[in-house]
Amino acid sequence: KAVAGQHRESVLMGNYAVCPAMAGTPVCSAQDLDVELHQEKVMLNIYDIGTSCTGPLVNSVLRPLGAGAFHCGVEIFDREWSYADSKHSKDGVFTCAPRMCEGHTFYQSVFMGNVSLPRRCIMEIIERSKKDWLSVNYHVFYRNCCHYSIDLCKRLDVAPVPRWITSLPHLVGTCVEQDCCVSSPAKRRRAKSDVDNVTAQLNASPRRSARASLPQQVPSATSESPRSTCTRYSVVGQLPVHSDYYDLWKTEFG
């Protein structure tokens with residue numbers, strides 16, 4: 001016999017129920033299904049990162065673009081399951097009260113579908129997921145709470161997580177991977193070396209020496225109005241044709 005779910009079926013094979021989303025892996029006994037079977041809804045709880053106003057403010061700008069910085073967890077049987085980098089345990093998967101994850105600001109819940117497995121079977125699926133989601137493997141861009149939610153929803157055989165949940169991590173992760181947004185120590189050393197080389201060349205150039213040998217202009221004390229003492233002009237039209245700096249400017253800047 002078969003037990004209907006929202007998208008597929010959990011089929012009884014012998015004395016065990018097989019979840020199609022787990023490639024036919026037995027997850028609980030037929031006796032458990034007969035006693036405890038019922039429809040249980042699955043919710044995806046989405047949070048703005050952090051508890052200050054910064055997270056919601058940033059996401060209010062990014063949401064119209066189909067992106068955002070989010071934390072999320074999967075709610076089932078009155079508990080919420082998510083994934084994080086834990087310094088106190090090898091288990092990356094943790095649980096909390098629904099919509100009450102510490103350190104983040106709840107934003108909204110998305111209905112993902114119903115499951116037709118009893119609590120014991122669901123707990124077995126979650127326990128098995130812990131083996132694949134250890135805290136040591138956590139990555140802020142490539143393997144975070146959003147990716148765990150995607151995996152858990154697949155294991156529970158419900159609707160896929162909306163793509164906008166992970167759009168920003170993928171975008172930022174690709175950018176970092178291509179080294180276009182991160183100033184690494186090596187890049188900073190190369191940039192400083194380039195600046196030093198250019199500065200040295202300018203100091204050693206004849207034009208630089210000629211400029212250094214020119215007499216400094218002293219502003220007249222009888223000037224009617226105060227004028228800038230700056231002797232560098234950005235536009236040649238601002239220089240008197242007979243100025244001492246006119247020829248030097250033309251030589252340097254054409």
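Note that the structure is a prediction, hence the values are computed from the model and not measured.

*Asks:* Go over unusual backbone geometry, please, and point to the residues and values.
*Replies:* Notably, F77 is not glycine yet its phi reads approximately 55°, a positive angle. Note on F77: relative accessible area 5%, which makes it buried. Residue D78 is not a glycine yet carries a positive backbone phi of 60°. Tracing the backbone shows D78 in the loop between β6 (70-76) and β7 (79-83).

*Asks:* How would you summarise the sheet that holds strand β5 (residues 40-49) if you had to cite specific residues and measurements?
*Replies:* With respect to topology, 5 strands assemble into an open sheet ordered β8-β7-β6-β5-β9, the strand pairing being antiparallel. The open sheet has two free edges, formed respectively by β8 (93-96) and β9 (104-115), since each of these has just one partner strand. For this sheet, the mean angle separating the axes of adjacent strands, direction not counted, is 30°. As judged from the 4 bridges shared by β7 and β8, these two strands associate in the antiparallel manner. Looking across to β8, one finds that Y83 is bridged to V93. Those strands touched by helix α3 (residues 119-132) are β6, β7, β8 and β9, and its axis lies near 15° from that of β7. Along the sheet, helix α4 (residues 145-156) makes contact with β5, β6, β7, β8 and β9, crossing β6 at roughly 25°.

Quick notes on the rules
Residues numbered from 1 in each chain as written. Predicted model: local features only at pLDDT ≥ 70, side-chain atom pairs only at ≥ 80, totals over all residues. Heavy atoms only, no water. Buried < 20%, exposed > 50% of the residue type's maximum accessible area, 1.4 Å probe, protein only. Helix = DSSP H or I, 4+ residues; strand = E, 2+ residues; numbered from the N terminus. Pairing = 2+ DSSP bridges. Axes fitted to C-alpha atoms, helices over the stretch in contact; angles between N-to-C directions. Contact = heavy atoms within 4.5 Å.

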